[in-house]
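# Summary of the model geometry
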Amino acid sequence: MTSDTRPDEDGAVAPAGRQRPPGHRVALRGDLRAAVPDAGAAVVVTVLVFALLWARMESGDSDTVAVMPFMDDPGTYWMYLLSQAFGWSALLWAWGTVMLGLLLSGPRPARLPVSRPVLERWHRTTSLTTMALMFAHALMFAAELVRYETKVDWAERLWVAFADTFVPGWYDSGTGQVAIPIGQGALYLAVPLGLLFYVRHRIGANTWRRLHRFVIVVYVLSVWHTLLYGTNVWYGEWPRTVLWLLQLPVAVLLLLRLLRPARRAERLGPLGGAARPGWWLRAAGRVAAGAVVVGLVVVAVSGRDGGRDRPAHPPATAPHTQETD
């Protein structure tokens, strides 16, 4: 959600602090190099989350085991735990990059802890890291399915794991029938929307801006996928409440971004006949963002966050029926 440095559609030129030298173009290769420290930090966080999930499973405190008791063996299901760890790191990095994007494209704070170009670079590198973490999350889930499908040959196991993980609508078990396509949607939108920045000189800055706004949809799908399928926040207890609360600053920044956009052309202004459809669309976006903020506060205060009740006798079902020849 970084703001482009070209003039606004209505001719208003961006402040001098945001401009880059003429002809300057941010290259993907340079951002990939700059993302190495960020990706290293993400790996460290993933390892720490993995160790925590492993320890909770060994101690008998794992919510994953409470949902699926047959998984009470971290040595066997370590790839599933690693998939969970990558998923949580991906969501954390997605939260960070969305917060940076909203900060950069919304009302400009009087003072920033670092320069705006540095914040823009952080936004780009965290976006790249998020995409890598999302793919690693899906890849480890597929690897666990390959390990699980023992009743068919290797070619069939690879196909089943690939289809269940990457083909929308293929996974046919329980909550995953809805949750997995939502996660796939987040992944398949994240990659093109994230990389379009590097070809905006070809598609046009205005087109890039319009498309890049849908990054918030990627984030919403990611959170939705987690709330539906994240066994660590499956039950209506404090981890799920914390996840809901983390969305409040995102919603508030989005509301501020819509109420006080940095670009003059995006401001609501008076209702005019020629611009009436666009005016109503922008007004509806502001109302929707405000409703989300109110909804998040209600969820946090009431504790009604959609979590399931912890059953007295947990089910003992497998992820899904194994494939057979």
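It should be noted that the structure appears before, not after, this text.
The sections below set out a description of the structure shown in this document. Just so we're clear, the structure is a prediction, and the values are computed from it rather than from any experiment.

What counts and how
Every chain is numbered on its own, with residues counted from 1 as its sequence reads. Where local features are concerned, this predicted model is filtered to residues with pLDDT of at least 70; where side-chain atom pairs are given and counted, the filter is 80 or more; whole-chain, interface and lining totals use all residues. Calculation of side-chain values draws on the structure's entire complement of heavy atoms; hydrogens and water are dropped beforehand. Any carboxyl oxygen of Asp or Glu that lies within 4 Å of a side-chain nitrogen of Lys or Arg is treated as forming a salt bridge with it. Secondary structure is summarised from DSSP: a helix means a run of H or I of at least four residues, a strand means a run of E of at least two, and numbering begins at the N terminus for each. Here the term buried applies to any residue with accessible area under 20% of the maximum for its type, exposed to any over 50%, and partly exposed to those in between, with areas from a 1.4 Å probe on protein chains only. In this analysis, the expected span of each helix is defined as 1.5 Å times one less than the number of residues it contains. Working rule for contacts: check all heavy atoms of both residues, and any pair within 4.5 Å makes them a contact. Centre distance within 6.5 Å is the pairing criterion for rings of Phe, Tyr and Trp, where only the six-membered ring of Trp is used; planes under 30 degrees apart are then read as stacked, over 60 as edge-to-face, and the remainder as tilted. Counting as a charge over the ring demands two things of the Lys NZ or Arg CZ atom: a distance within 6 Å of the ring centre and an angle within 35 degrees of the ring normal. The convention used is that axes are lines fitted to C-alpha atoms, helices contributing only their stretch in contact, and that angles between N-to-C directions extend from 0 to 180 degrees. Crossings are sorted by hand: turned counterclockwise from the far helix by less than a right angle, the near helix makes the crossing left-handed, and turned clockwise it makes it right-handed. Charged means Asp, Glu, Lys or Arg here, nonpolar means Ala, Val, Leu, Ile, Met, Phe, Trp, Tyr, Cys or Pro, and polar covers whatever is left, Gly included. Oblique is the label for every angle not falling under 35 degrees (roughly parallel), over 145 degrees (roughly antiparallel), or within 65 to 115 degrees (roughly perpendicular). Each nonpolar core is a collection of buried residues, namely Ala, Val, Leu, Ile, Met, Phe, Trp, Tyr and Cys, held together in the definition by side-chain atoms within 4.5 Å. Think of a patch as exposed residues, more than 30% relative accessible area, with no salt bridge, where like charges cluster within 9 Å and nonpolar side chains (Val, Leu, Ile, Met, Phe, Trp, Tyr) cluster within 5 Å. Areas reported here follow the Shrake-Rupley algorithm with a probe of radius 1.4 Å; residue values treat only the protein chains shown as occluding.

## So, the pattern of salt bridges
Within the structure shown, the criterion is met by four salt bridges. Taking the shortest distance from any N to any O, the salt bridge between arginine 116 and glutamate 120 comes out at 3.6 Å. With a gap of four residues between them, arginine 116 and glutamate 120 both fall in helix α5 (residues 116-148), about one helical turn apart. Judged by its relative accessible area of 4%, glutamate 120 is buried. Across the salt bridge formed by glutamate 144 and arginine 147, the nearest N and O atoms sit 2.6 Å from each other.

## Here's the deal with helix α11 (residues 238-259)
Over its 22 residues, α11 runs 32 Å from end to end, which matches the ideal 32 Å to within 8%, given 1.5 Å per residue. Among the residues making up α11, those that are buried are Arg240, Leu243, Gln247, Val250, Ala251, Leu253, Leu255 and Arg257. Each element contacted by the buried residues of α11 is listed here: α4 (78-105), α10 (215-229) and α12 (276-302).

## Side note on the packing of aromatic side chains
Enumeration according to the criterion identifies nine aromatic pairs in this entry. Seen in terms of ring centroids, phenylalanine 141 and tyrosine 171 are 6.2 Å apart; in terms of plane orientation they differ by 50 degrees. Their pairing is tilted. Remark: tyrosine 171 occurs in the loop between α6 (154-166) and α7 (176-195) and phenylalanine 141 occurs in helix α5; sequence separation between them is 30 residues. Tyrosine 171 matches phenylalanine 141 in its accessibility class, with the two residues each being buried. Linked through ring pairs, Phe135, Trp159, Phe162, Phe166 and Trp170 together constitute an aromatic cluster. A cation over an aromatic ring shows up here: arginine 157 above the ring of tryptophan 154, its NZ or CZ 4.2 Å from the ring centre. Above the face of the phenylalanine 197 ring, arginine 200 is positioned so that its terminal group lies 4.1 Å from the ring centre.

## So, the packing of α5 against α7
α7 packs onto α5 with a crossing angle of 145 degrees between their chain directions and a minimal axis gap of 10 Å. Along this stretch, α5 crosses α7, giving a crossing that reads as left-handed. Between α5 and α7, the contacting residues are Leu128, Met131, Met134, Phe135, Ala138 and Phe141 on the first element and Ile180, Ala186, Leu187, Ala190, Val191, Gly194 and Leu195 on the second. Its residues placed into classes, the contact of α5 with α7 shows 12 nonpolar, one polar and no charged.

## What about the packing of α6 against α7?
Between α6 and α7, the shortest axis-to-axis distance is 8 Å and the interhelical angle comes to 80 degrees. Classified by the angle their axes make, α6 and α7 are roughly perpendicular. Contacts between α6 and α7 involve Asp164, Thr165 and Phe166 from the first element and Ile180, Gln184, Leu187 and Tyr188 from the second. Split into classes, the residues belonging to the contact of α6 with α7 amount to four nonpolar, two polar and one charged.

## Concerning the environment of valine 44
By the secondary structure assignment, valine 44 is in helix α2 (residues 36-59). For valine 44, a relative accessible area of 48% gives the class partly exposed. Counting along the chain gives 45 residues from valine 44 to serine 89, while the straight-line C-alpha distance between them is 9.6 Å.

## Topic: the nonpolar core
Residues Tyr80, Phe86, Leu133, Met134 and Phe141 are the most contacted members of the largest nonpolar core, which totals 51 residues. Here this core takes 11 residues from α5, the largest share from any one element. Sequence-distant contacts of tyrosine 80, defined by excluding residues within four places in its chain, comprise Thr64, Met68, Met71, Phe141, Glu144 and Thr231. Core analysis: the second largest hydrophobic core is formed by 13 residues, Ala94, Tyr219, Leu227 and Leu243 among them.

## Observations regarding a nonpolar patch on the surface
On the surface, a cluster of nonpolar side chains totalling about 420 Å² of accessible area is made up of Leu189, Val199, Ile203, Leu211, Phe214 and Val217. Note on placement: leucine 211 falls in helix α9 (residues 205-212). Under the relative-accessibility criterion, leucine 211 is labelled partly exposed at 34%.

## Concerning the environment of glutamine 177
Tracing the sequence through the fold places glutamine 177 in helix α7. For glutamine 177, a relative accessible area of 44% gives the class partly exposed. Along the sequence, glutamine 177 and aspartate 164 sit 13 residues apart, while their C-alpha atoms lie 9.8 Å from each other. Leave out the neighbours within four places in its chain, and glutamine 177 touches Tyr171 and Asp172.

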